[in-house]
Amino acid sequence: MAHSDPPADPDPARWTVTLTGAVADPQSVRASDLAALETVSAEVATGCEGETTAPDRWRGVRVGTLLDRSRPRADASHALVSSADPDFACGFDLNRLRDALLAVRLDGDPIPTERGGPVRLLVDDADCWERIKWVSRIDVRTEPPTEDDTARDRVPADD
Ligand SMILES: Nc1nc2c(c(=O)[nH]1)N[C@H]1C(S)=C(S)[C@@H](COP(=O)(O)O)O[C@H]1N2
Ligand SMILES: [Mo]
């Protein structure tokens, strides 16, 4: 799957995650402010398909905590999560996404850029490409995002 080049020198004080789409209260949250919300930790491995890697200890905010602040519409059912790497996005069922972690720390430190910092999505039982690095946007939808929206389908399978 895709292994994109990281953005140059992302600054957590300026980096924002934008919640938009089918929500009553669209908003942008600074990466440096995410850590001030209620954080939880999770052990998640990020290896590519078929690869066995040791789990890492991530800390961050449940996506559901952020979603609640933006007040999704009653008919919201899905979301498209996008990366600052403009070609990279994945669609999710909203309930599954609620349980995922928007991580801002790895082993107690800011997440290194090559591991997806300042903000990375960690999903349990996920396909490797769903653990999106450099998360910049959560677009809440009332329909499932199309296959075309998902990076998996835009990149050569063996890349
Ligand atoms: N933005 C973005 N996130 C991404 C990717 C990417 O190319 N761009 N590649 C995915 C894939 S296919 C894998 S296997 C993992 C690799 O994560 P790691 O470098 O932390 O092991 O990142 C995932 N997240
Ligand atoms: Mo992957």
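Predicted, not measured: the structure shown is a model, and the values here were computed from it.

Colleague: Give me the lowdown on the environment of Cys90, citing residues and values where you can.
Modeller: Within the element layout of this structure, Cys90 appears in strand S6 (residues 89-93). Residue class for Cys90 comes out buried when judged on its relative accessible area of 1%. Sequence separation between Cys90 and Asp149 is 59 residues, and the spatial gap between their C-alpha atoms is 6.6 Å.

Colleague: Hey, could you go over the pattern of salt bridges for me, with residue numbers and the actual values?
Modeller: For the coordinates displayed, the defined rule picks out seven salt bridges. The salt bridge partner of Arg115 is Asp56, with a shortest N-O separation of 2.9 Å. One end of the pair, Arg115, is in the loop between strand S8 (109-110) and strand S9 (120-122); the other, Asp56, is in strand S4 (residues 56-62), with 59 residues separating them in the sequence. On the basis of relative accessible area, Asp56 is assigned to the buried category, the value being 16%. The closest approach of N and O atoms between Arg98 and Asp68, which form a salt bridge, is 3.1 Å. Pair noted here: Arg98 is in helix H3 (residues 94-99) and Asp68 is in helix H2 (residues 63-70), with a separation of 30 residues, a long-range link.

Colleague: Now, about the environment of Pro118: what can you tell me, with residues and values included?
Modeller: If you trace the backbone, Pro118 turns up in the loop between S8 and S9. Judged by relative accessible area, which is 8%, Pro118 ranks as buried. Each C-alpha atom of the pair Pro118 and Val135 lies 8.2 Å from the other, and the pair is 17 residues apart in sequence.

Colleague: Lay out the sheet that holds strand S2 (residues 27-30) in plain terms, naming residues and giving numbers.
Modeller: Pairing is mixed across the open sheet formed by five strands, whose spatial order is S2-S1-S10-S5-S6. Each of the sheet's edge strands pairs with one partner strand only, and the pair in question is S2 and S6. Adjacent strand axes in the sheet meet at a mean angle of 20° when their direction is disregarded. Across six bridges, strand S5 (residues 78-83) lies against strand S10 (residues 135-141) in antiparallel orientation. Residue pairing for S10: Ser83 is matched across the bridge by Val135. Where H2 meets the sheet, it contacts strand S1 (16-21), S2 and S10, and its direction lies at approximately 140° from that of S2.

Colleague: Please give an account of unusual backbone geometry that cites residues and values.
Modeller: Of the consecutive residues Gly117 and Pro118, the connecting peptide bond is found in the cis state with omega at 10°. For Trp134, which is not a glycine, the phi torsion comes out positive at approximately 55°. Locating Trp134 in the fold gives a position in the loop between S9 and S10. Residue classification places Trp134 among the buried positions, given a relative accessible area of 3%.

Colleague: Explain the pairing of S6 residue by residue, including any values.
Modeller: Note that S5 and S6 share five bridges and pair antiparallel. Residue pairing for S6: Ser82 is matched across the bridge by Ala89. With antiparallel pairing between neighbouring strands as the criterion, S5 and S6 make up a hairpin whose turn holds five residues.

Analysis parameters
Every chain begins its residue count from 1, and numbering advances along the sequence as written. As they are written, the chains are lettered A onward and the ligands numbered 1 onward, keeping that order. Residue-level local features of this predicted model are given only where pLDDT is at least 70; pairs of side-chain atoms are given and counted only at 80 or more, and the full residue set underlies all totals for whole chains, interfaces and linings. Water and hydrogen atoms were dropped before computing side-chain values, which therefore reflect all heavy atoms in the structure. Helix and strand assignments come from DSSP, with helices taken as H or I runs of at least 4 residues and strands as E runs of at least 2, each series counted from the N terminus. Each residue's exposure class comes from its accessible area (1.4 Å probe, protein chains only) as a fraction of the maximum for that residue type: buried when under 20%, exposed when over 50%, partly exposed otherwise. Should a side-chain nitrogen of Lys or Arg be within 4 Å of a carboxyl oxygen of Asp or Glu, the pair is scored as a salt bridge. Strands qualify as paired when DSSP identifies two bridges or more between them. All axes are obtained by fitting lines to C-alpha atoms, using only the stretch in contact for helices, and the reported angles, taken between N-to-C directions, cover 0 to 180 degrees. Only heavy atoms matter for contacts: two residues are in contact if any of them lie within 4.5 Å across the pair.

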